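Residue-level structure breakdown
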Amino acid sequence: MAKEKVKTNGNSHEEYNAKSINVLKGLEAVRKRPAMYIGDVGLRGLHHLINEVVDNSIDEALAGYNDRVVVTIHKNQSVTVEDRGRGIPVDLHPEEKKSALEVVMTVLHAGGKFDKNSYKVSGGLHGVGVSVVNALSEWLIVEVRRDGKIYTQEYRQGKAKAAVKETGKYKGEITGTKITFMPDKEIFKLIKFHFDTVAERLRELAYLNKEVSMTLKDETDGQEEVFKFKGGLVDFVKYLDENRSAIHKPVYIEGEKDGVPVEIAFEYSDSYSENVHSYVNNINTIEGGTHLVGFRTALTRTFNNYAYKNGLIKDNSKISLTGDDFKEGLTAVISVKVMEPQFEGQTKTKLGNGEVKSAVEMLVGEKLQEYLEENPSVGKKIIDKCMRAAEAREAARKARELVRRKNALDTMHLPGKLADCSINDPEHCEIYIVEGDSAGGSAKMGRDRRFQAILPIKGKILNVEKAKINKILENIEIQAMISAIGAGIGEEFNHEKARYGKIILMTDADVDGSHIRTLLLTFLYRHMKDLIAVGKVYIAQPPLYKIKKGKEEHYAFDEEERDKIIKRFKAGKEEKIVAAEEIEETEGGEQQLKGIVISRYKGLGEMNPEQLWSTTMNPETRTVLQVNIESAAAADKIFETLMGDAVEPRRAFIEKHAKYAKLDI
Ligand code: 0RA
């Protein structure tokens, strides 16, 4: 939340009036352009309302005053967030001439603490303030416990119904704030909170703030879960590595340097991928930044020093360990608190403060050295693992060179299978990565060749979760994707160099298709992550059904839509609507219903080029789903579950999510 200091110097009467008008404008602006404040008015934005209030409660915990947050989703989809913080102050605000509580709830950006020693947050969508939640709620009720009294105020669409009232007294020491709000249906398309979505953020916050317990209750189905992790980041790292085998116990580093509190936990597992997650003031810095650079620098230097000092690497050996070698199998969480963070990058999730790099670097350097002196066996295991990574890296370099010589990684030489577009401007170009040569053929014929490129991929690509980097680079399909996209790979990857503004994955709507899509997404996530982070990756949505009567044809993307179309075809006639189960399938997958022909597309190949164009590829009529990294930690978990070695969690995940594709990874 934005913790701007609220000015208390006396204003003249005119200024006061002018300011009031501005205030009104402020909340109206929020209602007029809600997406500017909460990202969008879909499910994401809706859930952001809860996050915003919870973030405020967590800020109280950061200030040392709150140990419990309870979130309740009510049957009517209103939500209560209750904490045991200090309670929002209720005394008269000298400038606004009303209760501070009313100011916090109704003035844009006035939600912040009045004390200046707090961690001001200014990144992404965080920190817009509870007044934004209020403005976007049909109604909201706040109840504050402070100084032995209970104070209440109610609002409609962000406007106070009456002044703050004292509505009771309480016994005991426990102060706090309780906010109940009903999202406004004039603003949000669909008001339906999802337990798992809310739980994900609460779980993350509970790991990051080990002293706080987070409870989620859903009264619609009685589900309830309490998140409280005494081990904090150590527990977080263990959770992330649940399906991997760690080679030692997590290393925990905590301390403060130059006024920057730093907390880090990490461990190495026997896997090849890297899972590092960084946070600033509880915000996931998906694009990394100075805190991460400081950590990596210290890790590489300290381990190298340790290895040489203890004879683990001989002076005359050819191997030297680089930063990359320390990444393989590393799972880490880095959490820092920064007073005035500067967020940069495409999605404003990259920390820019230079002083944080040296603070983290020094602290990790000192503490890790101490740790290694006390735990030499762990040190040896990690160095051994990194030496093997160095050998693989050397093999990968040779493989890459070989490949480069064959020109496959060279963007000057595009893969033979690629049907490129004619326009050269990446912003207006898109590439369809298509499953199978036959669908690839239809797509090539159906596309608009000016701005659409087609790259057919044969069958199942390599599972990058289980392969070493040199094997990955040797894979023909992967080479084709790397050179077609043309932005490098791994560390060298630069999404700005991508030859297309949209990378669209188009696979069949069956089990194999969804497996291939997951393999492709895993590859992009692990080796071209920024492409996803900046929202350049999409999933095509081919229709599942064609419904035809006479000359009229319609496509349906799911059962519900199909039944609607059937209903429309039959409109006017007194017939009952035939439910999905009652439609009998005839040979050839076509279904007949009094002159209405329903065919179910099993694969992309069944559509002719014109059909593929009009249903799936024409930007005017198609639907494409953008892939978002909602939480990098959750995405890692999903890919590890889907692609890793452990079978049982994979089965459980697929059973749970079989019905829908989860695209916010
Ligand atoms: C302004 C000032 C103070 C606390 C808060 C706001 C506050 C806001 C929220 C929102 C949800 N729970 C909250 N808890 C506190 C500082 C209070 C003080 O100095 O006593």
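Residues numbered from 1 in each chain as written. Predicted model: local features only at pLDDT ≥ 70, side-chain atom pairs only at ≥ 80, totals over all residues. Heavy atoms only, no water.

**Describing unusual backbone geometry**
Condition: By the criteria applied, helices consist of DSSP H or I runs no shorter than four residues and strands consist of E runs no shorter than two, each listed in order from the N terminus. Throughout, exposure labels follow a simple rule: accessible area from a 1.4 Å probe, protein chains only, divided by the maximum for the residue type, with under 20% read as buried, over 50% as exposed, and the rest as partly exposed.
Within the chain, Asp258 stands out as a residue other than glycine whose phi angle is a positive 50°. By secondary structure assignment, the location of Asp258 is in the loop between strand 12 (251-257) and strand 13 (260-268). Notably, Lys348 is not glycine yet its phi reads approximately 55°, a positive angle. Mapping Lys348 onto the fold places it in the loop between strand 18 (343-344) and strand 19 (350-351). You can call Lys348 partly exposed: its relative accessible area is 44%.

**Considering the sheet that holds strand 12**
For the record, the criterion: At least two DSSP bridges between two strands are required for those strands to pair. Residues are treated as being in contact if the distance between any of their heavy atoms lies within 4.5 Å. In this description, a line fitted to the C-alpha atoms serves as the axis of each element, helices being fitted only across the stretch in contact, and the angle between N-to-C directions of two axes falls anywhere from 0 to 180 degrees.
Spatial strand order, 12-13-17-14-15: 5 strands in an open sheet with mixed pairing. Each edge of the open sheet carries a strand with a single partner, namely strand 12 and strand 15 (283-284). Relative to strand 17 (residues 330-336), strand 13 runs antiparallel, the two being bridged by 7 bridges. Paired with Glu267 across the two strands is Thr331, which belongs to strand 17. Helix 7 (residues 233-240) contacts strand 12, strand 13, strand 14 (275-280) and strand 17 of the sheet and is inclined by roughly 145° relative to strand 17. Packed on one face of the sheet, helix 18 (residues 632-643) meets strand 14 and strand 15 and runs near 165° to strand 14.

**Focus on the environment of Tyr308**
Within the secondary structure, Tyr308 is located in helix 8 (residues 290-309). As a C-alpha pair, Tyr308 and Ser320 span 12 residues in sequence and 9.9 Å in three-dimensional space.

**Quick word on the nonpolar core**
The nonpolar side chains of soluble globular proteins are, as a tendency, buried together. Selection rule: Buried residues of nine kinds, namely Ala, Val, Leu, Ile, Met, Phe, Trp, Tyr and Cys, make up a nonpolar core once their side-chain atoms join them within 4.5 Å.
Of all hydrophobic cores here, the largest spans 60 residues; its most connected members are Val54, Val71, Met105, Phe181 and Met214. By residue number, the principal contributor to this core is helix 6 (residues 195-208), which donates 8 residues. In this structure Val54 touches Val71, Val81, Leu202, Leu205 and Met214, once residues within four positions along its chain are discounted. Counting residues in hydrophobic clusters, the runner-up holds 47 residues, among them Val464, Met528, Ile539 and Leu642.

**A closer look at helix 16 (residues 559-570)**
Rule in force here: Expected span, for any helix, means 1.5 Å times one less than how many residues it has. The arc refers to the directions leading from the helix axis to the C-beta atoms.
Between its first and last C-alpha, helix 16 extends 17 Å over 12 residues, near the 16 Å set by a 1.5 Å rise per residue. What helix 16 keeps buried is the set Arg562, Asp563, Ile565, Ile566, Phe569 and Lys570. One side of helix 16 carries all its buried residues, which in axial view fall inside an arc of 160°. Of the exposed residues in helix 16, those oriented more than 90 degrees away from the buried face are Glu560, Lys564 and Arg568.

**What about the sheet that holds strand 20 (residues 430-435)?**
In any sheet, the strands associate via hydrogen bonds between backbone groups, in a parallel or an antiparallel arrangement. If you trace the 5 strands from one edge of the open sheet to the other, you get 21-20-22-23-28, paired in mixed fashion. In this open sheet, the two strands that pair with only one neighbour each are strand 21 (452-457) and strand 28 (624-626). Taken pair by pair, the neighbouring strands of this sheet meet at an average axis angle of 25°, ignoring direction. One ladder, built from 6 bridges, connects strand 20 with strand 21; its direction is parallel. The residue bridging Ile431 from the neighbouring strand is Ala453, located in strand 21. Running at roughly 170° to strand 21, helix 11 (residues 437-446) makes contact with strand 20, strand 21 and strand 22 (502-506) of the sheet.

**Here we look at the pattern of salt bridges**
For clarity, the threshold we go by: Within this document, salt bridges are pairs made up of a side-chain nitrogen of Lys or Arg and a carboxyl oxygen of Asp or Glu, the two lying within 4 Å of each other.
This structure, assessed with the given rule, holds 29 salt bridges. Between Asp184 and Arg31 there is a salt bridge, with the nearest N and O atoms lying 3.0 Å from each other. Placement of Asp184 in the loop between strand 9 (176-183) and helix 6 and of Arg31 in helix 1 (residues 13-32) is noted, with a sequence separation of 153 residues between them. The two residues Asp184 and Arg31 agree in class, both being buried. For Glu102, the salt bridge identified is with Lys98, shortest N-O distance 3.8 Å.

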